[in-house]
Structure formats: C-alpha cells, structure tokens
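Observations on the model geometry
Next come the chains, spelled out residue by residue.
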Amino acid sequence: MIDIKFLRDNPDLVRASQRARGADESLVDQVLAADEKRRASLSEFESLRAEQKSVSKSVGAIMGKLGAAKKQGGDVTAIQAEADEARAKATELAAEVKRREAAADDEGAEFTGLLKKLDNIVLDGVPAGGEDDYVVLEHIGEPTTFDFEPLDHLALGEKLGAIDMERGAKVGGARFYFLTGVGARLELALLNLAMNQAVEQGFIPMITPTLVRPEIMDGTGYLDAHEDVYHLPADDLYLTGTSEVALAGYHQGEIIDISGGPKRYAGWSSCYRREAGSHGKDTRGIIRVHQFNKVEMFVYCDPADAQAEHQRLLDWEKEMLAKVELPYRVIDTAAGDLGGSAARKYDSEAWVPTQGRYRELTSTSNCTTYQARRLGIRYRTPEGRTEPVATLNGTLATTRWLVAILENHQQADGSVKVPAALQPFLGTDVLKPL
RNA sequence: GGAGGCGUCGCCUAGUCUGGUCUAUGGCGCCCGCCUGCUAAGCGGGUUUGGGGCUUAAAACCCCAUCGAGGGUUCAAAUCCCUCCGCCUCCGCCA
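A quick note: this is a predicted structure, and the numbers were derived from the prediction, not measured.

Conventions used here
Residues numbered from 1 in each chain as written. Chains lettered and ligands numbered in written order. Predicted model: local features only at pLDDT ≥ 70, side-chain atom pairs only at ≥ 80, totals over all residues. Heavy atoms only, no water. Salt bridge = Lys/Arg side-chain N within 4 Å of Asp/Glu carboxyl O. Helix = DSSP H or I, 4+ residues; strand = E, 2+ residues; numbered from the N terminus. Pairing = 2+ DSSP bridges. Buried < 20%, exposed > 50% of the residue type's maximum accessible area, 1.4 Å probe, protein only. Arc of directions from axis to C-beta. Contact = heavy atoms within 4.5 Å. Axes fitted to C-alpha atoms, helices over the stretch in contact; angles between N-to-C directions. Parallel < 35°, antiparallel > 145°, perpendicular 65-115°, else oblique. Left-handed = near helix turned anticlockwise from the far one by under 90°. Phe/Tyr/Trp six-rings, centres within 6.5 Å; stacked < 30°, edge-to-face > 60°. Expected span 1.5 Å × (residues − 1). Nonpolar A, V, L, I, M, F, W, Y, C, P; charged D, E, K, R; others polar.

**Brief notes about the pattern of salt bridges**
Throughout the structure, instances matching the rule amount to 27 salt bridges. Residues R39 and D35 are paired through a salt bridge, measuring 3.5 Å at the closest nitrogen-oxygen approach. Taken together, the residues span about one helical turn, with R39 and D35 both in helix α3 (residues 27–72) at a distance of four residues. Between R100 and E96 there is a salt bridge, with its nearest N and O atoms 2.9 Å apart.

**Notes on the sheet that holds strand β14 (residues 378–380)**
Pairing is mixed across the open sheet formed by three strands, whose spatial order is β8-β14-β15. The open sheet has two edge strands, β8 (255–256) and β15 (386–388), and neither has a second partner. The pairing of β14 with β15 spans three bridges and is classified as antiparallel. What sits directly across from R378, in β15, is P388.

**Things to note about helix α5 (residues 153–160)**
When α5 is considered as a whole, its buried residues turn out to be H153, L154, L156, G157 and L160. Down the axis of α5, the sector holding all buried residues measures 160 degrees, keeping them to one side. Check the buried side of α5 and you find it contacts β2 (163–164), α6 (165–172), α7 (182–200), α12 (401–408), β17 (416–417) and β18 (430–431). Within two residues after α5, G161 carries a phi angle of roughly 65 degrees, on the positive side.

**A closer look at the packing of α7 against α12**
The geometry of α7 relative to α12 is characterised by a closest axis approach of 11 Å and an angle of 110 degrees between their N-to-C directions. As summarised for this structure, α7 and α12 are arranged roughly perpendicular, according to the angle between their axes. Crossing hand, α7 versus α12: right-handed. Contact residues: α7 offers G183, L186, E187 and L190, while α12 offers W401, L402, I405 and L406.

**With respect to the packing of aromatic side chains**
Considering all chains together, one arrives at six aromatic pairs under this definition. Ring centres of F203 and W316 lie 5.3 Å apart, and the angle between their planes is 80 degrees; on these two criteria the pair is classed as edge-to-face. Linking F203 in the loop between α7 and β4 (204–207) with W316 in helix α10 (residues 306–323), this pair joins segments that are 113 residues apart in sequence. A single burial state applies to F203 and to W316, both of which are buried. Their ring planes at 70 degrees and their centres at 5.1 Å tell us that F298 and Y300 sit as a pair that is edge-to-face.

**What to know about α7**
Over its 19 residues, α7 extends 26 Å from the first C-alpha to the last, a length consistent with the 27 Å expected when each residue adds 1.5 Å. Among all positions of α7, only G183, L186, E187, A189, L190, L191, L193, A194, M195, Q197 and A198 are buried.

**Some remarks on the packing of α5 against α12**
The axes of two packed helices give the description: the angle between them and the distance between them. Taken N-terminus to C-terminus, the directions of α5 and α12 make an angle of 80 degrees; their axes are 9 Å apart at the nearest point. In terms of orientation, α5 and α12 fall into the roughly perpendicular class. Along its contact with α5, which presents H153, L156, G157 and L160, the element α12 presents V403, L406 and E407. Grouping the amino acids of the contact of α5 with α12 by side-chain chemistry returns four nonpolar, two polar and one charged.

**As for the side chain of S365**
Assignment of secondary structure puts S365 in strand β13 (residues 357–366). Each residue touching S365, except ones within four places of it in the same chain, is listed here: H310, A342, R344, K345, T391, L392 and N393.

**Focus: the pairing of β13**
Of all ten residues that make up β13, eight are buried, and the element is covered over most of its length. With nine bridges connecting them, strand β12 (residues 344–352) and β13 associate as antiparallel partners. Looking across to β13, one finds that W351 is bridged to Y358. The turn linking β12 back onto β13 is made up of four residues, and G356 within it adopts a positive phi angle of 60 degrees. In this structure, β13 lies alongside strand β16 (residues 390–398), joined through three bridges in antiparallel fashion. Each residue of the ladder has a partner; that of N366, found in β16, is L392.

Here is the structure:
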C-alpha cells in the first residue's frame, strides 16, 4: 500500500509510475476522489458522534441525581421527566449516528480497496516496459563451452542417481520429483552453504511456517496473484511460495527497533507454487516445480537505507553465485515485470548450457515501505515518530540452482565437478555416474 | 476431538459478577524538570496506537476510534450476548 499523503501531494509521480508499469493510470484519480469522499463523510460522522456522546453522558449524570434523590426519599418526578427527555433525544441521535457510521464505513472500505490496488511506486532508473524490457547490468564469467555434447540437468541427474521425476509424478503428480542420493546431498550442501554465509554476514537464521493466515498472505501482496497460491479451504490457510511471506509476517503489527541497524533474517523453507499460468513451460526436469527449497534473505530497515541495502543483498547473492562457480548476468527488471510490492528488482540469471540462455537463480526486491504499510510494521524515528520500515528480500539458494550446477560443471564422462565451496559438505570433489 | 480457565495503554496489575464521575487504577521501567559535592534517594510532571480537523509543514490543540479481533444489545459497553483468534490446565487420540 502506498502512502495516501504522498499520493495527495504527488499524484503525477504516481501516475508516471503506473504508466511505466503499463498499469491503469486512472486509478490514481479514482483513489483521490474516494479519499475526498471518505474524509468528508468521516468528519460528518465523527462530529455527530461527539454530540451523541455528550448527550449520552448527561443522561448518566441525571441517572446519578435520580439515584441520590430516590435514596433520600424526595420527589423524583421532575428528575425522571428530565431523564426521559434526554434519553429520547439521545435515541434519535443514535439512529442518525448509526446511519452516518455505516456510510463512513462503506466509503472507507471503498477507498482502502482502491488504494490497495495501486502497485508500489517504481524507483527512478527502473526501465519502463514489460518482461523483455530489462536492462543487463553486467555479465560475470563466460558462458560455459564444452568439447563434447553436454547433457541437460535431468539426463545428468538420472545418471548420477540424483533426480527421480517419474516417481515424483507417481507420488505427487506433474512437476513433483524426488531428489535422491547425491541429489539430496547436493541440495543440502547448497542450502547449508547459503545458510552459513548468511549467518557469517550477521543474518538471524530462521526456519519458518509454510502455512500462513489470509491476513499475512494479503499483507505481503501475494493474494493479488491468488491463482498461483495453494489454498487449504478447510482451514483457510495458504501455502507460501517463499519464506519472505512468513518473514514479513514475523513483525506484523509491531513497532520494531532498528536503531542498531537493519534487522536481517535468513529463512529456510520449502516453497509451494501452483504454476497456474505456466502450463507447458519448463516441463522437463526441476526448473519449474510445485515444491522446492530456498534460503531467502529478508531485511527490515530505515527507508533511507533501502537502496543501499538492496545493493548489499545483490552483492551477497553474487557472492553465493561465485562460490558455486557459475557464469551469470544481472538484470534490472523492467517496471511491468515487477511484483506489485516491489519498487525495484534485480535478478541474477545463470547460464544454462543446454538451453543456450540465462535462467533466473536469484531475485532481490526493494519493497520500500509498501509491504510494511500493509502489515503495519513501523519503527521509531530519532524524533520519536512512528514510520513504516522498508522491507527487502533476496534469494541465496534454491533447488533450481542444481540445474545450473549440474550442467555447467559436467564432464565428458557424465561426472560432475563439485565447486570447492560445496566440497566440505559433500566430502567429494566429483559426483560420478552410478 | 471434549471440559475448564484466561487475554486491560512497554512489563505487571485494579476494574468485569451489579453497564454511567472509567477522561481505564496502581506499581515497575523509561523521558523531562527540581533538589543535590557526585551517585542514590526524594519531589513534580510526562509516557498506547491509528485516523480526522487545524497548520505551508511540524509541534501544540480539538475530535473520533482503540481494554485479543469482529459483530450485536443499549441513550450509554473494558463490563452483557454471539462468532473467531491466541495462551494455559486436564481428558481423549496420534507420527
């Protein structure tokens, strides 16, 4: 949710942001109109409410007098009449207050509904346009070349006894898989490497709930894309597609202390995605699956620090990619391809030899104060005011990384070299075919 | 799954039975000031959060809401009723 005060003062900036995203510009004026209406009817209701309260209070005072007079055994008819009169007036007032309150509530809900539809304001420098309008920021390493015909990750995985798609489908259906033997160990190695790095950098390691309540899912902005989210109707819970959701919900409704610097969490969780919009895409292997594991960085910080923190997250992702020795590029995602909560997003994409292209391995978003405003997460400024924090997230490792690791480090005999950083976790420098 | 207890402004706590001087009590902590060789003690004041108004803006000020959440009854709800959430105790079941 964006700041309504900012919107009132800078409608043109918000319009420009909507335009860059290819989103509805007229929403801005709808929100502003709804805001006017809601404030007018709120004022009306509140002043009438104040009147009702004072009349009602006077009834209380009269009741007190009445009680005292009764106790003394005096004549109470005059006081009784006064009480009846005041009460009658209050009754009338109460009915009108109820009507105005309902109107104010309706207009408030209308306003909030519209405001929530507005996506985050994209930052200066974010390329305008859609999915293909990204800007490549840098290339690290050269695409891997082979003097033999490389196998794809699934063929390699099957030879190594690392991936079993067939039984995955038997047990869970399409887009499910088993990681077996060295496959399971390789994933654990990767995730542990990521977790270790995060801890070294001062992150608090977290293992998070993967089922969350509707408020949390909505607060992070993912319910807007609800067709891609698993829902358990019997319990009204949602399966999270990333631990970002639980980590953002962790401080929901709190005023947190960031006076000592950003709060950084590293979440380890299984992630669940319906992949509803991607039928037929990436159906081979484990590139796009319904369930995978991920280590995710999540940060709460001073909004003034958010852009610098975003760079740091990107640097830490690059550090992980260097450790597993992959060639990749970094892109600055275009406005239209940002999630609704994100103001800027950098993806790192590793080279996948058998596809001859780069595929996303990490994604780091600066959500500025958008999520925090929805979730009610604030900090105290040095002046003592409460303001929404900025939230940011970024990937440190996922199951998908196995695809790039297997393919880029394969050798002619079907074995796969293990990057040095992973060797201590696996106890070997090469994975050999069965 | 069943039975019972509980949820109050950072923490603890009074108030709930019997609706109205509750504008929510007191303590601790914290902040400001006074006093004081220094410290401690003492004294005085302040200390939930959100929204609306006023204001160029902020502060101050006024108003509305806020006693786990949401609804209801009533002129009036922390207090009565309903639903939900969470915590605790016991029983049952279970990996």
